[in-house]
Amino acid sequence: QVQLVESGGGLVQAGGSLRLSCAASGSIFSIYAMGWYRQAPGKQRELVARISRAGGTNYIDSVKGRFTISRDNAKSTVFLQMNSLKPEDTAVYYCNTPDTLGDWGQGTQVTVSS
């Protein structure tokens, strides 16, 4: 099983950018597909972006063209580059292994002001 620690969140104005990082430990990182999730207040957690072991990516429609997921298997880290941020992107962001969900980390708060 993989242990996960997210970082990189913060407060940013609409139109700004943030880069989230998720450091993984405890297993062989490269064998897992990885995903970034978010949970806004009063809403269910949703899968925002997914990257396969081979590097193929998928995004929900609302972030396509603005968010980019990537991974560095040598450093056991997955990233989420977020550009053109909108207030509706405000949420706690988490990473996990979407094919077999593991324990959730503490997440990282992203707040986008209008």
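Residues numbered from 1 in each chain as written. Predicted model: local features only at pLDDT ≥ 70, side-chain atom pairs only at ≥ 80, totals over all residues. Heavy atoms only, no water.

Colleague: Describe the overall build of the chain, naming the residues involved and giving the relevant values.
Modeller: Counting its regular elements, the chain contains 0 helices and 10 strands. Here the C-alpha atoms of the chain give a radius of gyration of 13 Å, agreeing with the 13 Å that 2.2 N^0.38 yields for 114 residues. Each of the three principal axes of the chain carries a C-alpha extent, and together these read 40 × 25 × 20 Å. Long-range pairs, those at least 24 residues apart, make up 53% of the contacts in the chain between residues at least 6 apart in sequence. Total accessible area computed for the chain in this model is approximately 5900 Å², and 48% of it derives from carbon and sulfur atoms. One finds the centroid of the 11 positive side-chain charges in the chain at a distance of 4 Å from the centroid of its 8 negative side-chain charges. (Helix = DSSP H or I, 4+ residues; strand = E, 2+ residues; numbered from the N terminus. Rg over C-alpha atoms; globule rule 2.2 N^0.38 Å. Contact = heavy atoms within 4.5 Å. Areas by Shrake-Rupley, 256 points an atom, 1.4 Å probe, with all protein chains shown as cover. Lys, Arg positive; Asp, Glu negative; His and termini not counted. Charge placed at Lys NZ, Arg CZ, Asp CG, Glu CD.)

Colleague: Can you explain the sheet that holds strand β7 (residues 67–72)? Please cite residues and give values.
Modeller: Across the sheet, which stays open at both edges, the 4 strands sit in the order β1-β3-β8-β7 with antiparallel pairing between neighbours. The open sheet has two edge strands with one neighbour each: β1 (3–7) and β7. Between one strand axis and the next, the sheet turns by 15 degrees as a mean value, whatever way the strands run. In terms of strand pairing, strand β3 (residues 18–25) meets strand β8 (residues 77–82) through 6 bridges, oriented antiparallel. (Pairing = 2+ DSSP bridges. Axes fitted to C-alpha atoms, helices over the stretch in contact; angles between N-to-C directions.)

Colleague: Let's hear about the side chain of Glu6: which residues, and what values?
Modeller: Within the secondary structure layout, Glu6 lies in strand β1. At 7.6 Å, Arg45 is the nearest oppositely charged side chain to Glu6, a buried residue that forms no salt bridge. Polar side-chain contacts of Glu6 include one of 3.0 Å to the backbone nitrogen of Gly107. Apart from residues lying up to four places away in sequence, Glu6 is in contact with Ser21, Cys22, Trp36, Tyr93, Tyr94, Cys95, Gly105, Gln106, Gly107 and Thr108. (Buried < 20%, exposed > 50% of the residue type's maximum accessible area, 1.4 Å probe, protein only. Salt bridge = Lys/Arg side-chain N within 4 Å of Asp/Glu carboxyl O. Polar contact = N/O pair within 3.5 Å; in protein donor to acceptor, adjacent residues only side chain to side chain.)

Colleague: An account of the environment of Thr97 is requested, with residue identities and associated values reported.
Modeller: Here Thr97 is to be found in the loop between β9 (91–96) and β10 (108–113). The exposure class of Thr97 is buried, given its relative accessible area of 6%. The spacing of Thr97 and Arg53 is 44 residues in sequence and 11 Å in space, taken between C-alpha atoms. What Thr97 contacts, discounting residues up to four positions off in sequence, is Tyr32, Ala33, Met34 and Gly102. Here the side chain of Thr97 touches Asn96 through a polar contact of 3.3 Å, side chain to side chain. At 2.7 Å, the side chain of Thr97 and the backbone oxygen of Thr100 are in polar contact.

Colleague: Before we move on, could you go through the side chain of Ser76 and cite the residues and values that matter?
Modeller: By the secondary structure assignment, Ser76 is in the loop between β7 and β8. In this structure Ser76 touches Cys22, Ala23, Ala24 and Phe29, once residues within four positions along its chain are discounted.

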